[in-house]
Amino acid sequence: MISCCIFDLDGVIVDTAKYHYLAWAELAHKLGFEFTPEQGEATKGVSRMASLDVVLRAGGMENRFTEEEKLALATEKNDRYLDFITRMTANEVLPGVKHFLEELHTLGIKVVLGSASKNAGVILDRCDLRPLFDRVVDGTLVSKAKPDPEVFAKGAELIGIPAAECVVFEDAAAGVEAATRAGMRSVGVGGSPLLEKATMQLRSFEGFTFGDLKAGVDK
Ligand code: BG6
Ligand code: MG
C-alpha cells in the first residue's frame, strides 16, 4: 500500500544539482584546483558543510582551514548558488513532475518534500510548487544529513503515515540509503548506476503514473 510519496528536491523535482556543482566548481577554482563533475556526485544529497568537505578533500585542502574559514567558504558558495536559484522559473521543473504530483493529489496520496537543502523554500516558491506539497521538511528542520533517515522519518511522522506506506523519490545514493534506513521503499530517479539499491529505477517522470509506481514498488 502507498499512502504517501516523499520527494527529494535537488535532482528529482528540479535540476538544481547542476547549480550546486557550478557554485562548488567556482569556489574550487578560486582555491586553485579543478573540481570535476564526477567528484561532484559525492555532494549530492549531503548537507552544505559535508559538501564543502568533499570539495576540500578533492583539492587536498581538508586540513587547511579553521571552522570559521570553512563557514565563510560555504557562505561564499551559497551566495553564488542563490544567484542561480533566485532566477529560476517554473519552466525548470523537470518534465512530468508537476503532472505526477497533481495525480497524487487527485488520488488522495500525501505529498511531502524531504530535502537536505536550506534553500528548498526559495526553489518551491520560484517554481510555484509549494501548493502541491502537504508538508515540507527541509534542511532548516533536520540536523542529521542523509544517509541518516531523519529527514524522511520526520516527514512521515508529521504527515502521520507509517514508514511502510511511504515511498521516497531520490537521485542520490545517500538518499536511497536514508529511505531504506527509514524503512521505506524508494525510487531511484535519473538512471545513475549508484542508485541500484533503490526498489525501482525511473529515468524521467515524463508519462509516469501512480499505476507505474504501484507496479514498480508494490511487489
Ligand atoms: C541537497 C543537495 O539537496 O541539499 C546537496 O543534493 C546540497 O548537494 C544540500 O549540499 C544542501 O543544500 P543547501 O541549499 O542548504 O546548501
Ligand atoms: Mg537530490
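Here, every reference points to the structure presented above.
Presented here is a report on the structure given in the accompanying data block. (Residues numbered from 1 in each chain as written. Chains lettered and ligands numbered in written order. Predicted model: local features only at pLDDT ≥ 70, side-chain atom pairs only at ≥ 80, totals over all residues. Heavy atoms only, no water.)

Considering the coordination of the magnesium ion (ligand 2)
Part 1 of the reasoning: Here the magnesium ion (ligand 2) is held by the protein donor atoms Asp-8 (OD), Asp-10 (O) and Asp-171 (OD), which lie 2.0 to 2.1 Å from it.
Part 2 of the reasoning: Of note, the magnesium ion (ligand 2) draws all its donor residues from one chain, in the sequence arrangement D-x1-D-x160-D. The pair Asp-8 / Asp-10 is uniform in exposure class, with both members buried. (Donors = N, O, S within 2.8 Å, 3.2 Å for Na, K, Ca; no water. Buried < 20%, exposed > 50% of the residue type's maximum accessible area, 1.4 Å probe, protein only.)

What to know about the packing of aromatic side chains
Part 1 of the reasoning: Inspection of every chain in the model, using the stated rule, returns eleven aromatic pairs.
Part 2 of the reasoning: Ring geometry for Tyr-21 versus Phe-35: centroids 6.0 Å apart, planes at 25°, classification stacked. Placement of Tyr-21 in helix α1 (residues 17–31) and of Phe-35 in the loop between α1 and α2 (37–40) is noted, with a sequence separation of 14 residues between them.
Part 3 of the reasoning: Centroid distance Phe-169 to Phe-205: 5.6 Å. Interplanar angle 35°. Geometry classified as tilted. One end of the pair, Phe-169, is in strand β4 (residues 166–170); the other, Phe-205, is in the loop between β6 (200–202) and α9 (210–217), with 36 residues separating them in the sequence. No difference in accessibility class separates Phe-169 from Phe-205, as the two residues are buried. (Phe/Tyr/Trp six-rings, centres within 6.5 Å; stacked < 30°, edge-to-face > 60°. Helix = DSSP H or I, 4+ residues; strand = E, 2+ residues; numbered from the N terminus.)

Thoughts on the pairing of strand β1 (residues 4–7)
Part 1 of the reasoning: Taking every second residue as pointing to the same face, both faces of β1 are buried, with Cys-4 and Ile-6 on one and Cys-5 and Phe-7 on the other.
Part 2 of the reasoning: The pairing of β1 with strand β2 (residues 110–114) spans four bridges and is classified as parallel. Within β2, the residue paired with Cys-5 across the bridge is Val-111.
Part 3 of the reasoning: Across four bridges, β1 lies against β4 in parallel orientation. In the sheet register, Cys-5 faces β4, and the bridge partner there is Val-167. (Pairing = 2+ DSSP bridges.)

Considerations on unusual backbone geometry
Part 1 of the reasoning: Between Lys-146 and the following residue, Pro-147, the backbone shows a cis peptide bond with an omega angle of 15°.
Part 2 of the reasoning: Along the polypeptide, Pro-147 turns up in the loop between β3 (135–137) and α7 (150–159).
Part 3 of the reasoning: Of note in the backbone geometry, Asp-128 takes a positive phi value of approximately 55° without being a glycine.
Part 4 of the reasoning: Take Asp-128: it is sitting in the loop between α6 (120–126) and β3.

A closer look at the packing of α1 against helix α3 (residues 48–58)
Helix-helix packing: each pair is described by the crossing angle between the helix axes and the interaxial distance.
Part 1 of the reasoning: Where α1 meets α3, the axes come as close as 11 Å, and the angle between the chain directions of the two elements is 45°. Of the possible angle classes, the one that applies to α1 and α3 is oblique. Helix-helix and strand crossings are classified by hand; for α1 and α3 the assignment is right-handed. Along the contact surface, α1 presents Trp-24, Leu-27, Ala-28 and Leu-31, while α3 presents Arg-48, Ser-51, Leu-52, Val-55 and Leu-56.
Part 2 of the reasoning: Taken together, the residues of the contact of α1 with α3 break down into seven nonpolar, one polar and one charged. (Axes fitted to C-alpha atoms, helices over the stretch in contact; angles between N-to-C directions. Parallel < 35°, antiparallel > 145°, perpendicular 65-115°, else oblique. Left-handed = near helix turned anticlockwise from the far one by under 90°. Contact = heavy atoms within 4.5 Å. Nonpolar A, V, L, I, M, F, W, Y, C, P; charged D, E, K, R; others polar.)

Considerations on the packing of α3 against helix α4 (residues 67–85)
Part 1 of the reasoning: Contact pair α3 / α4: the axes reach a minimum separation of 10 Å and the direction vectors enclose 100°. As judged from the angle between their axes, α3 and α4 are roughly perpendicular. Contacts from Arg-48, Met-49, Leu-52, Asp-53 and Leu-56 in α3 reach Lys-70, Leu-71, Leu-73, Ala-74 and Asn-78 in α4.
Part 2 of the reasoning: Taken together, the residues that form the contact of α3 with α4 break down as six nonpolar, one polar and three charged.

Some thoughts on the sheet that holds β4
Part 1 of the reasoning: Taking strand neighbours across the sheet as the criterion, the six strands line up as β3-β2-β1-β4-β5-β6 in an open arrangement whose pairing is parallel. What marks the edges here is a single partner per strand, and that holds for β3 and β6. Neighbour to neighbour, the strand axes of the sheet diverge by 25° on average, direction disregarded.
Part 2 of the reasoning: Sheet strands touched by helix α5 (residues 97–107): β1, β2 and β4. Its angle to β1, the strand with the most contacts, is close to 155°.

Function cannot be read off these values alone, since they describe shape.
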